[in-house]
Structure formats: C-alpha cells, structure tokens
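Each chain, written out:
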Amino acid sequence: MTVMESTSARTDTCASAPKAHPRPEGQDRYTISEVVAFSGLTAHTLRWYERIGLMPHVDRSHTGQRRFSNRDLDWLAFVGKLRLTGMPVADMVRYAEMVREGDHTFTERQELLEATRRDVQARIAELQGTLAVLDSKIDFYGGARTAPERV
C-alpha cells in the first residue's frame, strides 16, 4: 500500500495533473535510480523521505530493492509542491500521517492546506510588491538612458 492509498472509495490523490507516467499502471515498478532520473530528487532524499515517514510504504522486491509505483511518483510530485509552498517538513510528515489515518482526518488535512494556502498568498502579495518596486526602478533607469543629456 502506498502513502496515497485509502481503505475507502475516496482516496487522497494529487489532483493537479501530474506528469505522464513513464509506464502504464500494472507495469509501474521503478527502481530508486529511475525515480531519481524522473523526479530530480536524489536517492539520499528518497531514502530520507522514507525514513521520516513521508514515504513509508514503498514496496520492495524479493531482494529488498525499493520498487516505486506511479502513485508514489504522484505523491512525490505533490510533496514537491508542498516544499515549494515553504511548508515545514514536520507538517508534510503530519499530512502524510493523516492520509494514512483515513477519511476521518479530512477536516484536519483541509485546515492544514488552507493555512498553507494563506501563507502562499501572503508571500505572493509580498513578492508582487517587490516586483512593482523593481519595475519602477527599471522604468526609471530606462527613462534616464533615453532622456536628453543635461548640461
């Protein structure tokens, strides 16, 4: 069972159109080196994610090698988006735990994501203000260059 699987009919999936999978469902067993190439993450990071509980149920081959699935790739893409939001790793791990706990954590998961969304919106507003200052300076310097020389 992967992190994203649930016992109910509703599952928590990455709804933001993940990249096309390299292999079709049923043939989706990837080695750690293949996931490194596909995801851009390092093998060290993937092992760390597994160790801290962010990816706790990665299947293993009969020889003990990790075998990732398309669902695991989707989960990694979602975790990547959470990282971009600035969400602390502890909150990401807590989110993963809530997914595993089941549907009764929907409200708590929603609240965590809504708080993260508010933080992202505040950062976007701050960056838009910064962009406006940069645009103003760029316009100033562009105008100064084309203005006639003052004596």
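One structure accompanies this document, and this report is about it. (Residues numbered from 1 in each chain as written. Predicted model: local features only at pLDDT ≥ 70, side-chain atom pairs only at ≥ 80, totals over all residues. Heavy atoms only, no water.)

On to the packing of helix H3 (residues 70-85) against helix H4 (residues 89-101), then. Where H3 contacts H4, the axes come no closer than 11 Å and their chain directions differ by 140 degrees. In this view, H3 runs oblique relative to H4, as classed from their interaxial angle. Between H3 and H4 lies a crossing of right-handed hand. Each of Trp75, Phe78, Val79, Leu82 and Arg83 in H3 lies in contact with H4, whose residues at this interface are Met92, Tyr95, Ala96 and Val99. Tallied by class, residues from the contact of H3 with H4 come to eight nonpolar, no polar and one charged. (Axes fitted to C-alpha atoms, helices over the stretch in contact; angles between N-to-C directions. Helix = DSSP H or I, 4+ residues; strand = E, 2+ residues; numbered from the N terminus. Parallel < 35°, antiparallel > 145°, perpendicular 65-115°, else oblique. Left-handed = near helix turned anticlockwise from the far one by under 90°. Contact = heavy atoms within 4.5 Å. Nonpolar A, V, L, I, M, F, W, Y, C, P; charged D, E, K, R; others polar.)

Let us now look at the side chain of asparagine 70. Its place among the elements puts asparagine 70 in helix H3. Take asparagine 70: its relative accessible area is 1%, and that puts it in the buried class. With sequence-adjacent residues up to four places away left out, asparagine 70 is seen in contact with His21, Arg23, Pro24, Glu25, Asp28 and Tyr30. (Buried < 20%, exposed > 50% of the residue type's maximum accessible area, 1.4 Å probe, protein only.)

We now examine the packing of aromatic side chains. For the structure on display, the rule yields five aromatic pairs. With centroids separated by 6.2 Å and ring planes inclined at 15 degrees, the aromatic side chains of tryptophan 75 and tyrosine 95 adopt a geometry described as stacked. Of the two residues, tryptophan 75 is situated in helix H3 and tyrosine 95 in helix H4; the sequence distance between them amounts to 20 residues. Neither residue differs from the other here; tryptophan 75 and tyrosine 95 are each classed as buried. Judged by centre distance (5.2 Å) and plane angle (70 degrees), the ring pair of phenylalanine 140 and tyrosine 141 falls under edge-to-face. An aromatic cluster of at least three residues, connected via ring pairs, comprises Trp75, Phe78 and Tyr95. (Phe/Tyr/Trp six-rings, centres within 6.5 Å; stacked < 30°, edge-to-face > 60°.)

Right, let's talk about the pattern of salt bridges for a bit. For the structure shown, the criterion picks out six salt bridges. The partner of arginine 29 in a salt bridge is aspartate 59, and the shortest N-O contact between them spans 3.8 Å. Taken together, the positions of arginine 29 in the segment before helix H1 (32-39) and aspartate 59 in strand S1 (residues 59-60) put the pair 30 residues apart, joining distant regions of the chain. For aspartate 59, a relative accessible area of 31% translates into the label partly exposed. The residue arginine 60 makes a salt bridge to glutamate 50 at a minimum N-O spacing of 3.2 Å. Taken together, the residues arginine 60 in strand S1 and glutamate 50 in helix H2 (residues 43-52) connect sequence positions ten residues apart. Assessed through its relative accessible area of 43%, arginine 60 is described here as partly exposed. Within this structure, Arg94, Glu97, Glu101 and Glu108 form a network of salt bridges that share partners. (Salt bridge = Lys/Arg side-chain N within 4 Å of Asp/Glu carboxyl O.)

On to the environment of glutamine 121. Mapped onto the elements, glutamine 121 comes out in helix H5 (residues 106-146). Judged by its relative accessible area of 40%, glutamine 121 is partly exposed. When the C-alpha positions of glutamine 121 and threonine 85 are compared, they lie 9.7 Å apart, and in sequence the two are 36 residues distant.

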